[in-house]
Amino acid sequence: MERVQPTGENYANPRTCFFHVLFKAAALAFYILSALFFNSFVIIFVVTVLLAALDFWVVKNVSGRILVGLRWWNEINEQGESVWKFECLDQESLARMNKKDSWLFWWTLYLTAVAWIFLGIFSLIRFQADYLLVVGVCLSLSIANIVGFTKCRKDAKKQIQQFASQTIASRFSSTLQSAFSVV
Amino acid sequence: MAKMSHGDTIPLHPSSQSDIDEIENLMIAGPANVLPARPPSPPRASIPVSSSPFLPSNLPPPPPSAPAAAYHKAPISASPPDAAYHKAPISASPPAAETSRGGIAADGFGSLPNTLTEPVWDTVKRDLSRIVSNLKLVVFPNPYREDPGKALRDWDLWGPFFFIVFLGLTLSWSASLKKSEVFAVAFAVLAAGAIILTLNVLLLGGHIIFFQSLSLLGYCLFPLDVGAVICMLKDNVIIKIIVVSIALAWSSWAAYPFMSAAVNPRRKALALYPVFLMYISVGFLIIAID
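Note that the structure is predicted; figures quoted are calculated from it, not measured.

Take the confidence of the model for chain A next. All names here are of chain A. Per-residue pLDDT for chain A averages 82, and the proportion of residues at 70 or more is 92%. For chain A, per-element mean pLDDT is lowest for helix α3 (residues 91-96), which scores 69, and highest for helix α4 (residues 99-125), which scores 88. Here residues 1-8 scores under 50 on pLDDT; set against residues more than four positions off or in separate chains, the count is three contacts.

Below is the structure:
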């Protein structure tokens, strides 16, 4: 393993990246290749959907936190309303996140959704409603993660801007105050 | 202007210039524990600490109330323009400000990084315990529970996923032919049924949250899962009918409090009838499979 160069970086969390990609690739591969080996729809369905659900959990709870420092979830508050919460690390830690990690994170997220859409189109053309069910479930899980993390990232950017402007405003007024007191 | 930054949080005292003079006196007199020129943060909604979506790293938010209280005390004791007299009320607040800021900083730094930086094993354990507690809450109903609608607040969809898949697998295993179709039909009927039942409650004007209701209807399948396993092992029709009726009654009894709490009492039957219908049809599927 070569030393990390100062300009280019290696992956900061290789194990997390590996797991992030593992379940997605396994679900896709199993779905595509299983038609060659297994004749039973049940096994294909159960294993593919299980892998997709595990991938959803891993992305939402583990790799989202570690690779890009974002997290989203849903809570039901005291009044019985559902509230979507988006959470991110503070600004310093976000800036320190590995660029390669986040590149991998976002690209694999989008690519799997696109792959499932293609597979869905294939099964639609072949009029296989039950395979369409599998693709539908996996696609909805991928899209849920994409939407959740995109909203989280937008929220994080908005918070950074607000925080920056507030910091600037408070520091500005405090310098004004000190300047005014000196006068 | 200096006053504008906290003028919105405090009603402006008519003698604002004298306030500034008194504060200048304090700072020039130099008591160690008076806050330096540091206005409270610009008016904004106070950060709800436990659920704040953003965690500022280097500036713990000064609690808006404490410095405001400090500045309030200056106008109140404005009349005797004595620096020594001003020291007393104001010096009381900065230690309070320090401790409350320390308290808020501790809460703020304590709650958020715990979920963002916790080890993976903690997340797994948390989710597993949530599944188990939801199962206990739903399936072993306590008739003396105060508020049934509140009980599945921490909804999760893992439990329903496992139960639906398990029921489909059991039915498919028991079927001697057309196994794939049986599985697909069972899964689709249960999943679509849960969604449609939730929409039904929402359209009847009920107060229920989509995912909470999906989660509930999935967890209430647990007794039917148990019944299906028993029916798979024993092939006698009479035993099947008895077991399925018991499982059905248990599932309906588990689903009843949540559904009935969610709708208007006059529309209770309209909301509950489709639920019973779905469970009865699943029960027939279990009995009729061979």
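What follows picks up the thread again.
Residues and elements named next belong to chain A. Across the seven residues that make up strand β1 (residues 70-76), a large majority, five, are buried. As defined by bridge partners, β1 adjoins strand β2 (residues 82-88) across seven bridges and the pair is classed as antiparallel. Residue N74 lies in a different strand from β2, and its bridge partner there is W84. The antiparallel pairing of β1 with β2 creates a hairpin that spans five residues between the two strands, and G80 there sits at a positive phi of about 85°.

Here we come to the UniProt feature "transmembrane region" (unreviewed entry) in chain A. Residues and elements named next belong to chain A. Feature annotation in UniProt places "transmembrane region" (unreviewed entry) on residues 28-58, 103-125 and 131-150, given in this structure's numbering. Helix makes up 90% of residues 28-58 and strand 0%, whereas the separation of the span's terminal C-alpha atoms amounts to 16 Å. The straight-line gap between the two end C-alpha atoms of residues 103-125 is 33 Å; of that span, 100% is helix and 0% is strand.

This next bit is on unusual backbone geometry. We note that F127(A) has phi near 55°; this positive angle belongs to a residue other than glycine. In this fold, F127(A) is placed in the loop between α4 and α5 (129-182). Accessibility expressed as a relative area gives 75% for F127(A), which makes it exposed. One non-glycine residue, K178(B), lies in the positive phi region at around 60°. As for its placement among the helices and strands, K178(B) is situated in the loop between α6 (158-174) and α7 (179-203). Classification of K178(B) as exposed rests on a relative accessible area of 57%.

As a further point, take the packing of aromatic side chains. Overall, the coordinates contain 23 aromatic pairs over all chains when judged by the stated rule. Ring centres 5.2 Å apart and planes at 85° place the aromatic pair F105(A) and F149(A) in the edge-to-face group. Of this pair, F105(A) sits in helix α4 while F149(A) is found in helix α5, placing the two residues 44 residues apart along the sequence. Using a relative accessible area of 0% as the deciding quantity, one classes F105(A) as buried. Under the relative-accessibility criterion, F149(A) is labelled buried at 0%. Relative to F211(B), the ring of W155(B) has its centre 4.9 Å away and its plane inclined at 15°; by these criteria the two rings are stacked. Of the two residues, W155(B) sits in the loop between α5 (120-139) and α6 while F211(B) sits in helix α8 (residues 210-219), which places them 56 residues apart along the sequence. Ring-pair connections join several aromatic residues into one group, and the members of that group are F56(A), W72(A), W84(A), F105(A), W106(A), Y110(A), F149(A), W155(B), F210(B) and F211(B).

Here the focus is the packing of helix α2 (residues 41-68) of chain A against α7(B). Where α2(A) contacts α7(B), the axes come no closer than 8 Å and their chain directions differ by 40°. One way to sum up the angle between α2(A) and α7(B) is to call them oblique. Contacts between α2(A) and α7(B) involve F41(A), V42(A), F45(A) and V46(A) from the first element and K179(B), S180(B), F183(B), A184(B) and F187(B) from the second. The residue inventory of the contact of α2(A) with α7(B), partitioned by class, reads seven nonpolar, one polar and one charged.

Rules and cut-offs
- Residues numbered from 1 in each chain as written.
- Chains lettered and ligands numbered in written order.
- Predicted model: local features only at pLDDT ≥ 70, side-chain atom pairs only at ≥ 80, totals over all residues.
- Heavy atoms only, no water.
- pLDDT = per-residue confidence, 0-100.
- Helix = DSSP H or I, 4+ residues; strand = E, 2+ residues; numbered from the N terminus.
- Contact = heavy atoms within 4.5 Å.
- Buried < 20%, exposed > 50% of the residue type's maximum accessible area, 1.4 Å probe, protein only.
- Pairing = 2+ DSSP bridges.
- UniProt positions renumbered as here; feature names shortened; annotations may be inferred.
- Phe/Tyr/Trp six-rings, centres within 6.5 Å; stacked < 30°, edge-to-face > 60°.
- Axes fitted to C-alpha atoms, helices over the stretch in contact; angles between N-to-C directions.
- Parallel < 35°, antiparallel > 145°, perpendicular 65-115°, else oblique.
- Nonpolar A, V, L, I, M, F, W, Y, C, P; charged D, E, K, R; others polar.

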